[in-house]
Amino acid sequence: MPAASNKRVKGVRIERKFLIGSESWNLTPENRPKGIPEVHTKGWRIYVRNVDEGPDLTSWLQKVQFKLHSDYQPQNRMIESSVTSAAASGGRQSFQVEETGWGEFQVGVRLYYVGEAHEKPQERTCWLQLEPWGSDEQKEEQKRTGRVNMEYGEVIEFNEPTETLFERLTSETQFDYLRKKTGGKGKGAARASLGQSVPQGSNEMPEKATGVFSREAEDGVLGMLENAKKQAEDSLKDVNLEREKISEQKRGL
Ligand code: SLL
C-alpha cells in the first residue's frame, strides 16, 4: 500500500455511475413480518446501488445515511456496509434500508465518501414509490406482480481527486468483488466462478457477453481503466511541462 496522500491529481476528473431507487411489494399473510402495525400494507426497500458489474462502489462510497419520514424511529438510518447480490444477478452492491408502511414520502440520501477522498458528504433525495406508475402497461404489470420499482441513474464526479483516491478509482482490484472465491488456484479458477454461463469444468470465461460476465466485458473495463490512467498520466505530463516552463520563466527574471 502506498502511503496515503492528500495531494490532488491536477487536471483529472473521474466519474462514477450509480443508482438510487426504491422497491416495494404487497404484504401478504405469507410474507408479513410479525408485530408490525395492521395499517402497514407494503414492504419496501430504499437503496443506493451499483450498476451491473460496475467497478466496486465501495472504492469511493463508505456509507449512506437515509433520512426517513418522522413516523419512522429512528428517523436517520446510517448504513455502514453494502450487501452484494450473487454474480448471476449482476453482482450488484447495495446500501439499503428495508421497512414496512402504508405511505409514500421523500427520503433524504446522504453519501459519505471514503476518508481518502477528503470530500464532504453529498446530498440526494429519492421518492419512495409504492403505487404503480408509468404507462398503462407498466402499471398493469406492477399491479399483477404487486411489485413496484423506481430507479434513477446518478453520476458523481471527482474533480482532481486525491492521489490515494485516484489509485483506488483506477485500480484493477475494483473488480475483485465480482470474483467469488471457490478455493481453486489462480486467476482462471476465480474467473470460472464468475457466472453460470461458464461451461462446466472450464477455467475460461466465455468470449462474448452472455448477460453475466465475459472476457469481452472484462477486457472492455480494463481497457477503459487503461485509457483513464493514460489520460491522467498525459495530463500529469502537461502539468509538469507547465511547471517547468514557469520555473524557467522565473529563473529568467
Ligand atoms: C407524508 N405521504 O409525506 C405522507 C405520509 C407516511 C408514511 C407518509 C407509516 C409508518 C409507521 C408510514 O407508512 N408512514 O407506521 O411507522 O406526510
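Basis of the calculations
- Residues numbered from 1 in each chain as written.
- Predicted model: local features only at pLDDT ≥ 70, side-chain atom pairs only at ≥ 80, totals over all residues.
- Heavy atoms only, no water.
- Pairing = 2+ DSSP bridges.
- Helix = DSSP H or I, 4+ residues; strand = E, 2+ residues; numbered from the N terminus.
- Axes fitted to C-alpha atoms, helices over the stretch in contact; angles between N-to-C directions.
- Buried < 20%, exposed > 50% of the residue type's maximum accessible area, 1.4 Å probe, protein only.
- Contact = heavy atoms within 4.5 Å.
- Polar contact = N/O pair within 3.5 Å; in protein donor to acceptor, adjacent residues only side chain to side chain.
- Near = heavy atom within 4 Å.
- Nonpolar A, V, L, I, M, F, W, Y, C, P; charged D, E, K, R; others polar.
- Salt bridge = Lys/Arg side-chain N within 4 Å of Asp/Glu carboxyl O.

This brings us to the sheet that holds strand β7 (residues 106-113). Pairing within the open sheet is antiparallel, and its four strands lie in the order β4-β3-β7-β8. Each having just a single partner strand, β4 (76-79) and β8 (122-127) make up the two edges of the open sheet. For this sheet, the mean angle separating the axes of adjacent strands, direction not counted, is 25 degrees. In this structure, strand β3 (residues 61-67) lies alongside β4, joined through four bridges in antiparallel fashion. Looking at β4, one finds that glutamine 65 is bridged to methionine 78.

The buried count for β3 comes to five of seven residues, which makes it a mostly enclosed element. Alignment of β3 against β7, held across six bridges, turns out to be antiparallel. In the sheet register, valine 64 faces β7, and the bridge partner there is leucine 111.

Right, let's get into the environment of arginine 32. Looking at the element boundaries, arginine 32 is found in the loop between β1 (13-26) and β2 (42-50). We classify arginine 32 as partly exposed; its relative accessible area is 28%. Remark: the alpha-carbon pair of arginine 32 and lysine 42, spanning ten residues in sequence, is separated by 8.9 Å. Once residues within four sequence positions are removed from consideration, arginine 32 is found in contact with Leu27, Pro37, Glu38 and His40. Separated by 3.0 Å, the side chain of arginine 32 and the backbone oxygen of proline 37 make a polar contact.

Bringing the sheet that holds strand β5 (residues 83-84) into the picture now. The antiparallel open sheet is built from five strands, whose spatial order is β5-β6-β2-β1-β9. Each edge of the open sheet is held by one strand with a lone partner, namely β5 and β9 (147-159). By the bridge criterion, 13 bridges tie β1 to β9 in an arrangement that is antiparallel. Bridge pairing links isoleucine 20 to tyrosine 152 in β9. The sheet strands contacting helix α2 (residues 163-170) are β1 and β9, and the helix crosses β1 at an angle near 65 degrees.

Neighbouring the ligand are His40, His69, Asp71, Tyr72, Gly101, Trp102, Gly103, Glu104 and Phe105. Between the ligand and histidine 40 there is a distance of 2.8 Å, counted from an oxygen atom to a side-chain nitrogen or oxygen. Between the ligand and tyrosine 72, the relevant distance is 3.3 Å, taken from an oxygen atom to a side-chain nitrogen or oxygen of the residue. Its residues assigned to classes, the shell around the ligand shows three nonpolar, four polar and two charged.

On to the side chain of threonine 170. Assignment of secondary structure puts threonine 170 in helix α2. From its side chain, threonine 170 meets the backbone oxygen of phenylalanine 166 in a polar contact 2.7 Å long.

A word on the pattern of salt bridges. Under the criterion given, the structure shown has 15 salt bridges. Between lysine 17 and glutamate 15 there is a salt bridge; the shortest N-O distance is 3.4 Å. Between glutamate 99 and arginine 77 there is a salt bridge whose closest N-O contact spans 3.1 Å. Separated by 22 residues along the polypeptide, glutamate 99 in strand β6 (residues 93-101) and arginine 77 in strand β4 bring together distant segments of the chain. Each of Glu23, Arg45, Arg49 and Glu98 takes part in salt bridges that share partners, so that together they form one network.

By themselves, these figures tell us nothing about what the structure is for.
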